[in-house]
Amino acid sequence: MKKFGETNSLRDILKEELINDSKTDEEDLQKFFEEFPELIAGDEYDRVIPQATIIRDAGSPWRADFVLAPINQTEFCKVLDLKLPNVALTSQPRRGHLTFSAKVWGAIGQLRDYARAFDSATVRERFKKKYGTDIYKPDLHLIAGRQWDIQWIDSIRSLRKTEEVKIENWDAVLDRLKRRYA
């Protein structure tokens, strides 16, 4: 597997045009991070499982965009969901109240469903058998949208806390990666 920085420049790897192109779809983002998993693994995770199948006790299987297994086995796995950079995070405020979009609520619900599925010992055992990774009470992470308006910060912090989902925008991800690999 090609490693970041060995044969490509930062500009080639981060492909900001991928984030800025309105024609980019979720599959493009998925493929990009599958090709360069170290960009999402960082120093905390040693294994990145793309399109991880979660075989539930009832119903059809689910596919999480990524499951990340930590280096430190006392830490928790992470389930990562990618949404498009052009996804609106908020709806038009009504009567001055910020409202999160249906896409954001849908992604949070999806992540929470994945986490609840792992409450089942049977689901955990199936996952471990298929991927060799124990997963229980995973951390949840959503990357969606672009730079947040300063007036949203308190609402987003509150949402992160109440829903127990780390929410990050694509601009913040690019900035973090640039700092790390520049």
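### Details of the nonpolar core
Formed by 31 residues in total, the largest nonpolar core has its most connected members in Val67, Val79, Phe127 and Leu142. Elements with a minimum of two residues in this core: strand S1 (45-54), strand S2 (62-70), helix H5 (102-117), helix H6 (121-131), strand S6 (139-143) and helix H7 (153-163). Of all the elements, H5 adds the most residues to this core, at seven residues. Counting 21 residues, the second largest nonpolar core, distinct from the first, contains Phe33, Leu68, Trp170 and Val173.

### As for the pairing of strand S3 (residues 78-82)
Within S3, five of the five residues are buried, which leaves it mostly tucked inside the rest of the structure. What you see with S3 is no split at all: Lys78, Leu80 and Leu82 on one side and Val79 and Asp81 on the other are buried throughout. Examined bridge by bridge, S2 and S3 share three bridges and lie antiparallel to one another. Considered in S3, the bridge of phenylalanine 66 is made with leucine 80. Pairing of S3 with S6, which is carried by five bridges, proceeds in the parallel orientation. Residue pairing for S6: leucine 80 is matched across the bridge by histidine 141.

### Details of the confidence of the model for the protein
For the protein, mean pLDDT is 86; residues scoring 70 or higher make up 88% of the total. Scored below 50 in pLDDT, residues 1-7 makes 13 contacts in the model with residues more than four places away or belonging to other chains.

### A look at the sheet that holds S3
One open sheet accounts for five strands, arranged S1-S2-S3-S6-S7; its pairing is mixed. Strands at the two margins of the open sheet, each flanked by one partner only, are S1 and strand S7 (166-168). Within this sheet the neighbouring strands show an average axis-to-axis angle of 25°, counted without direction. Against the sheet, H5 makes contact with S1, S2, S3, S6 and S7, and its axis sits at roughly 155° relative to S6, the strand it touches most.

### Comments concerning the environment of tyrosine 114
Relative to the helices and strands, tyrosine 114 is located in helix H5. When the C-alpha atoms of tyrosine 114 and valine 79 are compared, they prove to be 7.9 Å apart, with 35 residues separating the residues in sequence. Discounting chain neighbours no more than four positions away, the residues touching tyrosine 114 are Ile54, Trp62, Arg63, Ala64 and Val79.

### Focus: unusual backbone geometry
At lysine 137, a residue that is not glycine, the phi angle is positive and equals roughly 50°. Position of lysine 137 among the secondary structure elements: in the loop between H6 and S6. We classify lysine 137 as partly exposed; its relative accessible area is 42%. A positive phi angle is found at glutamate 164, which is not glycine, with a value near 55°. Counting through the fold element by element, glutamate 164 comes out in the loop between H7 and S7. Judged by its relative accessible area of 65%, glutamate 164 falls in the exposed class.

### Considering H7
Buried residues of H7: Ile156, Leu159 and Glu163, and no others. All buried residues of H7 project into a common sector of 60° when viewed along the axis, lining one side. Away from its buried face by more than 90 degrees, H7 exposes Asp154, Arg157, Lys161 and Thr162. The inward-facing, buried residues of H7 abut strand S5 (97-100), H5 and S7. One or two steps after H7, the chain reaches glutamate 164, where phi turns positive at roughly 55°.

### Some remarks on the packing of aromatic side chains
The full count for this structure, using the stated rule, is seven aromatic pairs. Both rings, one in phenylalanine 33 and one in tryptophan 170, keep their centres 6.0 Å apart while their planes meet at 25°; by these two values the pair is stacked. Taken as a pair, phenylalanine 33 in helix H3 (residues 26-35) and tryptophan 170 in helix H8 (residues 170-181) lie far apart in primary sequence, 137 residues in all. Judged by relative accessible area, which is 1%, tryptophan 170 ranks as buried. Considering the side-chain rings of phenylalanine 127 and tyrosine 131, the 4.6 Å spacing of their centres and the 45° angle between planes classify their relative orientation as tilted. Highlighted residues: phenylalanine 127 and tyrosine 131, both in helix H6, separated by four residues, approximately one helical turn. For the pair phenylalanine 127 and tyrosine 131, one class covers both residues: buried. Each residue in the set Phe32, Phe33, Phe36 and Trp170 is aromatic and connected to the rest through ring pairs, giving one cluster. Over the face of the ring belonging to tryptophan 62 we find arginine 56, whose NZ or CZ atom lies 4.0 Å from the ring centre.

About the cut-offs
- Residues numbered from 1 in each chain as written.
- Predicted model: local features only at pLDDT ≥ 70, side-chain atom pairs only at ≥ 80, totals over all residues.
- Heavy atoms only, no water.
- Core = buried A, V, L, I, M, F, W, Y, C linked by side-chain atoms within 4.5 Å.
- Buried < 20%, exposed > 50% of the residue type's maximum accessible area, 1.4 Å probe, protein only.
- Helix = DSSP H or I, 4+ residues; strand = E, 2+ residues; numbered from the N terminus.
- Pairing = 2+ DSSP bridges.
- pLDDT = per-residue confidence, 0-100.
- Contact = heavy atoms within 4.5 Å.
- Axes fitted to C-alpha atoms, helices over the stretch in contact; angles between N-to-C directions.
- Arc of directions from axis to C-beta.
- Phe/Tyr/Trp six-rings, centres within 6.5 Å; stacked < 30°, edge-to-face > 60°.
- Lys NZ or Arg CZ within 6 Å of the ring centre and 35° of its normal.

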